[in-house]
Amino acid sequence: MEKVFGILHVGGWVEFWWVAFGLFGQLMFTGRFLVQWIASERAKKSVVPLSFWYLSMAGGIILLTYAIYRRDVVFILGQSTGVFIYARNLWLIHKDRQSNV
C-alpha cells in the first residue's frame with residue numbers, strides 16, 4: 001500500500017480516502033459530458049439533459065468539499081462558481097417546468 005500512497009502523494013489512510021472522494025467527484029463531473037454527448041447523439045442535435053446539471057452539481061459539491069479540505073484557493077474559487085451556476089440552472093429548469101404545468 002505504501003507504493004499507492006506514494007503515487008497518490010498521501011501520507012496515510014485519511015488522506016487516501018480524501019483523494020478517493022475527490023476522484024469520485026471528478027468521475028461524476030466527467031460523467032456529465034458522457035451523458036450530454038449520448039443525449040445529443042440520440043437527438044442528432046446539441047442537447048443538455050437535466051441529468052447533466054445534477055451530475056454537475058453533485059460532482060461540483062464533492063470537488064468543492066475536497067478543495068476546501070485541501071485548502072486550495074484556486075480550486076475553491078473555481079468550484080464554488082460552478083456550483084452556483086449549476087444550482088441556478090436547476091432552479092430555472094424547475095421554475096420553468098412548474099409554470100408549464
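Above this note sits the structure.
Residue positions are given per chain, counting from 1 as you read along its sequence in written order. Restriction of local features to residues with pLDDT of at least 70 applies here, the model being predicted, together with a cutoff of 80 or more for giving and counting side-chain atom pairs; totals for whole chains, interfaces and linings are based on all residues. Here the side-chain values reflect all heavy atoms present in the structure, with hydrogen atoms and water set aside.

Draft legend 1. Just the overall build of the protein, in detail. Secondary structure summary: the protein contains 4 helices and 0 strands in total. Helical segments are the DSSP runs of H or I of at least four residues, strand segments are the runs of E of at least two, and each set is numbered from the N terminus. Starting at the N terminus and ending at the C terminus, the protein contains elements arranged as α-α-α-α. Atoms counted for the radius of gyration: C-alpha only. Globule rule: 2.2 Å times the number of residues to the power 0.38. The C-alpha atoms of the protein give 17 Å as radius of gyration, which overshoots the globular expectation for 101 residues (13 Å, by more than 25%). Seen through its principal axes, the protein has C-alpha atoms that stretch 55 × 25 × 20 Å. Note on classification: 1.4 Å probe, protein chains only; a residue is buried when its accessible area is under 20% of the maximum for its type, exposed when over 50%, partly exposed between these limits. Going through the 101 residues of the protein one by one, you find that 31% of them count as buried. Excluding contacts between residues fewer than 6 apart, the proportion of contacts in the protein whose partners are at least 24 apart in sequence is 52%. Where accessible areas are quoted, they stem from the Shrake-Rupley method and a 1.4 Å probe; at the residue level, only the protein chains shown are allowed to cover. Accessible surface for the protein amounts to roughly 7200 Å². Of this, 68% is attributable to carbon and sulfur atoms. The protein carries 10 positive and 5 negative side-chain charges, and their two centres are separated by 11 Å. Throughout, a contact is declared for two residues whenever any of their heavy atoms are within 4.5 Å. All tallies of charge rest on Lys and Arg as positive and Asp and Glu as negative; His and the ends of each chain are not included. Each charge is placed at NZ for Lys, CZ for Arg, CG for Asp and CD for Glu.

Draft legend 2. The nonpolar core, seen in detail. Working definition of a nonpolar core: buried Ala, Val, Leu, Ile, Met, Phe, Trp, Tyr and Cys residues. They are joined through side-chain atoms within 4.5 Å. Judged by nonpolar contacts, F29, F52, W53, M57, L63, V83, Y86 and L90 together constitute the single largest core of 8 residues. Residue assignment for this core shows that the elements contributing at least two residues are helix 3 (50–70) and helix 4 (73–99). Excluding its chain neighbours within four sequence positions, the residues that come into contact with Y86 are F29, R32, W53, S56 and M57. In this structure, F5, F16, V19 and Y66 belong to the second largest nonpolar core, which totals 5 residues.

Draft legend 3. Up close: the packing of aromatic side chains. Aromatic rings from Phe, Tyr and Trp, taking only the six-membered ring of Trp, are treated as a pair when their centres fall within 6.5 Å; an angle between ring planes under 30 degrees marks them as stacked, one over 60 as edge-to-face, and anything in between as tilted. For the structure shown, the criterion picks out 12 aromatic pairs. An angle of 90° between the planes, with centres 5.7 Å apart, marks the rings of W18 and F21 as edge-to-face. Highlighted residues: W18 and F21, both in helix 2 (residues 13–43), separated by 3 residues, approximately one helical turn. In this structure F21 comes out as partly exposed when scored by relative accessible area, which is 32%. Taken together through their ring pairs, the aromatic side chains of F29, F33, F52, W53 and Y86 make up a single cluster. Look at NZ for Lys and CZ for Arg. If either is within 6 Å of the ring centre and within 35 degrees of the ring normal, a charge sits over the ring. One Lys or Arg, R32, reaches over the ring of F29 and ends 3.9 Å from the middle of that ring.

Draft legend 4. Here's a closer look at helix 4. In this scheme, a helix's expected span is set at 1.5 Å multiplied by one less than its residue total. The terminal C-alpha atoms of helix 4 lie 39 Å apart, and with 27 residues this matches the ideal 39 Å at 1.5 Å per residue to within 8%. A 3.5 Å cut-off defines polar contacts: any pair of N or O atoms within that distance qualifies, except that in protein one atom must be a possible hydrogen donor and the other a possible acceptor, and neighbouring residues in sequence count only when both atoms are side-chain atoms. Put simply, D72 is the residue that caps the front of helix 4, since its side-chain oxygen is 3.2 Å from the backbone nitrogen of V74.

Draft legend 5. Layout of helix 3. The terminal C-alpha atoms of helix 3, which comprises 21 residues, lie 30 Å apart, in line with the 30 Å expected from a rise of 1.5 Å per residue. For helix 3, every residue scored as buried is listed here: F52, W53, S56, M57, G59, G60, I62, L63, L64, Y66 and A67. Looking at the buried residues of helix 3, the elements they touch are helix 2 and helix 4.

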